[in-house]
Structures are given as C-alpha cells and as structure tokens.
Amino acid sequence: MATLTTVRPPAGETPVRRRRRRERPGIQGLRRSLRRHWTLYLLMVVPLIWFVVFKYIPMSNAVLAFKSYNVIKGIWGSPWIGWQNFELFFQNPVFWTLVKNTFVLSVYTVAASFPIAIVLALALNEVRNGVFKRTVQLVTYAPYFISTVVVVSMTILVLSPRLGIVNEGLGFFGVPAIDFLGNPGYFRHIYVWSDVWQTTGYSAVIYLAVLAGIDPALHEAARVDGASRLQRIRHVDLPGIMPTAVIILVLAVGNIMAIGFEKAFLLQNPLNLSESEIIATYVYKTGLLNADFSMATAVGLFNSVINLVLLLVVNAVAKRITGNGLWS
C-alpha cells in the first residue's frame, strides 16, 4: 500500500520568501540569462546606445513643429504657436501636389519592385546549373552596391537627348530625340525602374534564403503526387515564403510616404518639378535653403505620422488575412 510523503520546503525558506520567489519568476529568469549570456548582452549595448543617441533623443526636438524657432532663444526657449505650422502647410497650394507625388511614386515603386524580386528568387531557385545561377545572382546583386549618385549620373548619361545611348538607338529607327528628364511624364518611370534595377537582386537574396529553408520532403511528396514544376512553386514555394513576403510588404507600405530624398532630388530639374517635387525635397528646401526650421519639422512630423498610421493599418489587415504580421 502506497504511503503519502510530505514534501518539506528547503531549509531556511520561509513562507514570505517562497511567495516572493513565486511572484518574481521573470526577474530571476532575467538574472540567470544575464549571467549565462552576458557577452551577447554586451554586444547589444553599442547598437542600443546608437539608437538612443541618434534616434530617440532627437525625437524630443520634434516640439519645434509647434514653435516659432528663434536661433537666439534655441529650441526650448522659442515661443509656442500650437498648430499654426500645420495649418499653414495644409493651406499651402502645393500641399496636395506634394502628397500626390509622394504617394503615387511610392506606390509605383512598391508595386514594381515587390513582385519582381519574388519572381527572380523563384526562377533562380529552379535553376540547376550552378555557374549560370551564380552569374545571374552576381549580375543582379552588384548594382545594389553602386552609389545612388553614380546611378543617377549613369541614368542622366544614358537618357541624354544628345549623347545618350537610348536616343542614339531611337535615332537609328528615325525617331527624334526625346528629353526624358525634361518631360514630367517620364520622371516616375525613370525613378522606379532605375530603383528596380538597383535593388531587385538584393531583395531576391532574402527570398532565396527562405526558399533554401523549405523542407525538401514537401517537394518530394509533390513530385510523387505528379505535381508539375509550376504546381510545386504555387503550392510549396509560395506558401513557404509568404510570411517573409508579408512582413517585407508591411514594412514597405509603412515607409510609403518616406520615399528616398537623394535620388528624387538628383533627378529633379525645373522642367519636371511638377512630378518630382515630393515631401522629402520640400522639407529640404524649406528647412535648409529657406531656413524655416519650424515648418520643415512640422512637415516631416506629418509625414512620419502618416507612415506610422499606414504601418499599423496594413499590419492589422495582413494579420487578419494571412495570420502573419510584424508582432505575430
């Protein structure tokens, strides 16, 4: 017959200590983790300091958007004017033009670059010739390391109406020279497709890494069931990369109003200004060239808030539809 034994608490452990031990499991776990993995936590110190110094501390100066900046009084000594800078920006005749140009250019960039990177990764994943595969990866990945200034210079030279290769080819067929950069209708296409050429190879590497992690047994089972190559891509590869693709898409949409300043400014000229003037270039001209720091801060803060709202909305929609999100 089994006997009951009484489990005695460790020597010296009182009910109060036992209650505290139960109430603070997270703190004890953190201490154990710090003792075991202190080197990894030490590696995190420098990046955290960088974020605090260059990201979080400057955020406090966003109050400049609600002040009339005075150089002598400084940011915190300048007088408060409330929402006046935002009201002036919303009433500015160029407000809707800036928002439209920024939004359309960003959506065009995401719509063009996002699927092309996936298609390139799926195609390379099916290539069995190692030499050809590595060559294509090198050719498509190398442009990512080219400076934006160099890419813009190459674009200007290639599309030059007098000496550009494109106009030389058009002239061979009797087509008159076209001033691509002087025509506002061509600006978005030039911006987007030069960006696709520069970044597609880098984006495809991420999807290739995900494809390499898919269980080969799934492909073997699909082959046994008689699935063709396209069917395996559709039913095995695409579901495998979907979580990563959703996260990348959510991040891209979250930055949809924060399109890069550098390339847009370098491709900009007085002839294509109606299509090339975006919020980033407007902030640069307002803040640095016109020295209206309060207005430039207000416009930049407005842009950041729109990005944050878009990020949260798209993440919620993606989470509901696919079950994957940034914080899933």
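Residues numbered from 1 in each chain as written. Predicted model: local features only at pLDDT ≥ 70, side-chain atom pairs only at ≥ 80, totals over all residues. Heavy atoms only, no water.

**Considering the pattern of salt bridges**
Tallying each qualifying case throughout the model produces 5 salt bridges. Residue E275 is joined to R188 by a salt bridge in which the shortest nitrogen-to-oxygen separation is 2.5 Å. Placement of the pair is E275 in helix α14 (residues 273–276) and R188 in helix α10 (residues 184–212), with a sequence separation of 87 residues. Both residues of the pair, E275 and R188, count as buried. (Salt bridge = Lys/Arg side-chain N within 4 Å of Asp/Glu carboxyl O. Helix = DSSP H or I, 4+ residues; strand = E, 2+ residues; numbered from the N terminus. Buried < 20%, exposed > 50% of the residue type's maximum accessible area, 1.4 Å probe, protein only.)

**A few points about a nonpolar patch on the surface**
On the surface, W38, L42, V45, I49, W50, F51, V52, V53, F54, Y56, I57 and M59 cluster together into a nonpolar patch covering about 1,300 Å² of accessible area. With respect to the helices and strands, the residue Y56 is situated in helix α3 (residues 38–59). Y56 sits in the exposed class, given a relative accessible area of 54%. (Patch = residues over 30% accessible without salt bridge, like charges linked within 9 Å, V, L, I, M, F, W, Y side chains within 5 Å. Areas by Shrake-Rupley, 256 points an atom, 1.4 Å probe, with all protein chains shown as cover.)

**Comments concerning the environment of F187**
The residue F187 is located in helix α10 in this model. Look at F187 and you get buried, because its relative accessible area is 2%. Between the alpha carbons of F187 and A117 there is a distance of 22 Å; along the sequence they are 70 residues apart. Not counting residues up to four positions away in its chain, the partners in contact with F187 are L105, A264, L267, N272, E275 and S276. (Contact = heavy atoms within 4.5 Å.)

**Some details on empty space enclosed by the protein**
In this structure the tally under the stated criterion is 1 cavity of 30 Å³ or more. Its volume calculated, the largest cavity comes out at about 40 Å³. Those elements that provide at least two residues to the lining of the largest cavity are α6 (95–126), α7 (130–141) and α10. The element contributing the most residues to the lining of the largest cavity is α10, with 4 residues. A breakdown of the residues in the lining of the largest cavity according to their chemical character gives 6 nonpolar, 3 polar and no charged. (1 Å grid on protein atoms, 1.4 Å probe; cavity = no way out; pocket = protein on both sides within 12 Å on 5 of 7 lines; lining within 4 Å. Points joined across faces, edges and corners; volume = space filled by probe spheres on them. Nonpolar A, V, L, I, M, F, W, Y, C, P; charged D, E, K, R; others polar.)

**Some points on the environment of L64**
Among the secondary structure elements, L64 is positioned in the loop between α3 and α4 (74–77). With relative accessibility at 8%, the residue L64 sits in the buried group. Along the primary structure L64 and P176 are separated by 112 residues, whereas in three dimensions their C-alpha atoms are 51 Å apart. Residues in contact with L64, not counting those within four places in the same chain, are Y69, I75, N85, F293, S294 and T297.

**Some words on a positive patch on the surface**
There is a patch of like positive charges on the surface, built from R31, R32, R35 and R36. Residue placement: R32 occurs in helix α2 (residues 25–36). (Lys, Arg positive; Asp, Glu negative; His and termini not counted. Charge placed at Lys NZ, Arg CZ, Asp CG, Glu CD.)

**Topic: the packing of aromatic side chains**
This model, assessed by the stated rule, comprises 24 aromatic pairs. Ring geometry for F89 against Y282: centres 6.0 Å apart, planes inclined by 35°, an arrangement best described as tilted. Taken together, the residues F89 in helix α5 (residues 84–91) and Y282 in helix α15 (residues 279–289) connect sequence positions 193 residues apart. Like Y282, F89 is buried. With a centroid separation of 5.1 Å and 70° between ring planes, the pair formed by F180 and Y186 is classed as edge-to-face. Of the residues examined, Y186 reaches a relative accessible area of 29% and is grouped as partly exposed. One aromatic cluster is present, built from ring pairs that chain together F89, F90, F95, W96, Y282 and F302. The side chain of K263 reaches across the aromatic face of Y191, ending 5.5 Å from its centre. (Phe/Tyr/Trp six-rings, centres within 6.5 Å; stacked < 30°, edge-to-face > 60°. Lys NZ or Arg CZ within 6 Å of the ring centre and 35° of its normal.)

So far we have only geometry, and geometry alone does not tell us how the molecule works.
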